[in-house]
Amino acid sequence: MSTAGKPRVLLMHPILDPGPAILAEAADVIPYSPDLPLDEAYIRQAAEGCVGIVSQLMDPIREAVLSTPGLKIVSNVAVGFDNIDVAAATGHKVMVTNTPGVLDDSTSDFAFTLLMATARRVVEADYFTRQGKFRGWAIDMMLGTDVYGATLGIIGIGRIGRGVAHRAKGFNMRVLYYDPNPLTPEAEQQLGATRVDLARLLVESDFVSVHVPLTPETQHMLSTQQFDQMKRSAILINTSRGPVIDEAALVAALDAKKLAGAGLDVYEREPAVHPGLIRMPNVVLAPHIASATTRTRSEMSAMAARNMATAVRGGRPPNLLNPEVKK
Ligand code: GLV
């Protein structure tokens, strides 16, 4: 069936229903599905003649792509947008959109999943059991860390950080947070969260969970100096972006037993995982799946498709990150 006449949109990777139908109503969709990892020159080539690109978080969308003649919008199927040079997009008058809000609960759930799994050694216990090593109950078998009543330090109290704080209430946890932007006193009271500086959070927390976007300011915000401040019994959880943590320094700190464990969904050089982490039984590793529930991923797909459809029809997409481009 001919779709001539509709603006062309490059769909970098498949998205979930109802995203494809929303896109197809508004645009002539060019599916790409390249091999990963991707090179910007290939994306640029594929984007020639397209007004829009539906990208995902592993797609580098920078100057070489954003300068494609006729490009009007990049719709990222993610809340994070560190893969896109938004300043360069603004310079080329290209709109950039993301998918905020719809993944807060699934991501907060998963941060808590990693916290529980690491504290109670669930993955290690599963291997142990499958390998037939369970020969009977033992008083000292697989001893872990208590979660109920422990102190949780949340770095970044945006929507997902607040979601984690909310869950922590059910575990009677003392919640500390660090964020340059304080919550209102009412929100602090409602969440039972106390704002502290980063050093105090690191010194006092039994669990530290990271929920900041990746920016030049947050890159490597947790490194040797910060690990030295943490309790030796503490567990670090990261569901934000890998480069927020200096991964080599984390491996060194875990090797030196400066902290007790880590639960990680994101890595500094995804999809590569530091080999030091792979060999550690006190580290729980996941392949960047914090938002991966059927409902959330389909809502993200629909939202990204609606952002794109609105823009190609000449409108202002709801989740515009650089509003100065579209008055
Ligand atoms: C996932 O990491 C996202 O940014 O949506």
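Thresholds applied
- Residues numbered from 1 in each chain as written.
- Predicted model: local features only at pLDDT ≥ 70, side-chain atom pairs only at ≥ 80, totals over all residues.
- Heavy atoms only, no water.
- Salt bridge = Lys/Arg side-chain N within 4 Å of Asp/Glu carboxyl O.
- Helix = DSSP H or I, 4+ residues; strand = E, 2+ residues; numbered from the N terminus.
- Buried < 20%, exposed > 50% of the residue type's maximum accessible area, 1.4 Å probe, protein only.
- Near = heavy atom within 4 Å.
- Polar contact = N/O pair within 3.5 Å; in protein donor to acceptor, adjacent residues only side chain to side chain.
- Areas by Shrake-Rupley, 256 points an atom, 1.4 Å probe, with all protein chains shown as cover.
- Nonpolar A, V, L, I, M, F, W, Y, C, P; charged D, E, K, R; others polar.
- Patch = residues over 30% accessible without salt bridge, like charges linked within 9 Å, V, L, I, M, F, W, Y side chains within 5 Å.
- Core = buried A, V, L, I, M, F, W, Y, C linked by side-chain atoms within 4.5 Å.
- Contact = heavy atoms within 4.5 Å.
- Pairing = 2+ DSSP bridges.
- Axes fitted to C-alpha atoms, helices over the stretch in contact; angles between N-to-C directions.

**Observations regarding the pattern of salt bridges**
- This structure, assessed with the given rule, holds 14 salt bridges.
- Among the salt bridges present, the one from Arg174 reaches Glu204, with a minimum N-O distance of 2.6 Å. Here Arg174 is found in strand 7 (residues 174-178), whereas its partner Glu204 is found in helix 9 (residues 198-204), with 30 residues between them in sequence.
- Arg200 is the partner of Glu204 in a salt bridge, and the nearest nitrogen-oxygen pair spans 2.8 Å. With a gap of four residues between them, Glu204 and Arg200 both fall in helix 9, about one helical turn apart.
- Residue classification places Glu204 among the partly exposed residues on the basis of a relative accessible area of 24%.
- When its relative accessible area of 37% is taken as the criterion, Arg200 is described as partly exposed.

**Section: the site of the ligand**
- Taken together, Leu57, Ala78, Val79, Gly80, Leu103, Arg241, His288 and Met300 are the residues near the ligand.
- One of the side-chain N or O atoms of Arg241 is found 2.7 Å from an oxygen atom in the ligand.
- One nitrogen or oxygen atom from the side chain of His288 is found 2.7 Å from an oxygen atom belonging to the ligand.
- Considered on its own, the ligand offers 190 Å² of accessible surface; in the complex 90% of this is hidden by protein.
- Taken together, the residues of the shell around the ligand sort by class into five nonpolar, two polar and one charged.

**Brief notes about a nonpolar patch on the surface**
- On the surface, a nonpolar cluster with roughly 270 Å² of combined accessible area is contributed by Val122, Val123 and Tyr127.
- In this fold, Val122 is placed in helix 6 (residues 122-130).

**A short note on the nonpolar core**
- With 30 residues, the main nonpolar core has Leu222, Phe227, Leu236 and Leu250 as its most contacted residues.
- Of all the elements in the fold, those that place two or more residues in this core are helix 9, strand 9 (207-210), helix 11 (247-255) and strand 11 (261-264).
- If you tally residues by element for this core, the top one is helix 11, at five residues.
- Apart from residues lying up to four places away in sequence, Leu222 is in contact with Ile155, Leu202, Val210, Phe227, Leu236, Val244, Ile245 and Asp246.
- Phe112, Ile235, Val284 and Ala286 belong to the second-largest nonpolar core, a separate cluster that totals 28 residues.

**Quick notes on helix 11**
- Along helix 11, the residues that are buried comprise Glu247, Ala249, Leu250, Val251, Ala253 and Leu254.
- Residues of helix 11 that are buried sit in contact with helix 10 (224-229), strand 10 (235-238), strand 11, helix 12 (275-278) and strand 12 (283-285).
- One or two residues past the end of helix 11 sits Lys257, with phi positive at roughly 60°.

**Let's talk about the sheet that holds strand 9**
- Read from one edge to the other, the open sheet built from seven strands follows the order 8-7-6-9-10-11-12, with strand pairing classed as parallel. Every interior strand has two partners, whereas the edge strands, strand 8 (193-195) and strand 12, have only one. The mean angle between the axes of side-by-side strands here comes to 20°, regardless of whether they run parallel or antiparallel.
- Against the sheet, helix 5 (residues 104-119) contacts strand 6 (151-155), strand 9, strand 10, strand 11 and strand 12, and its axis sits at roughly 150° relative to strand 10.
- Packing of helix 11 onto the sheet brings it into contact with strand 10, strand 11 and strand 12, and relative to strand 11 it is tilted by some 145°.

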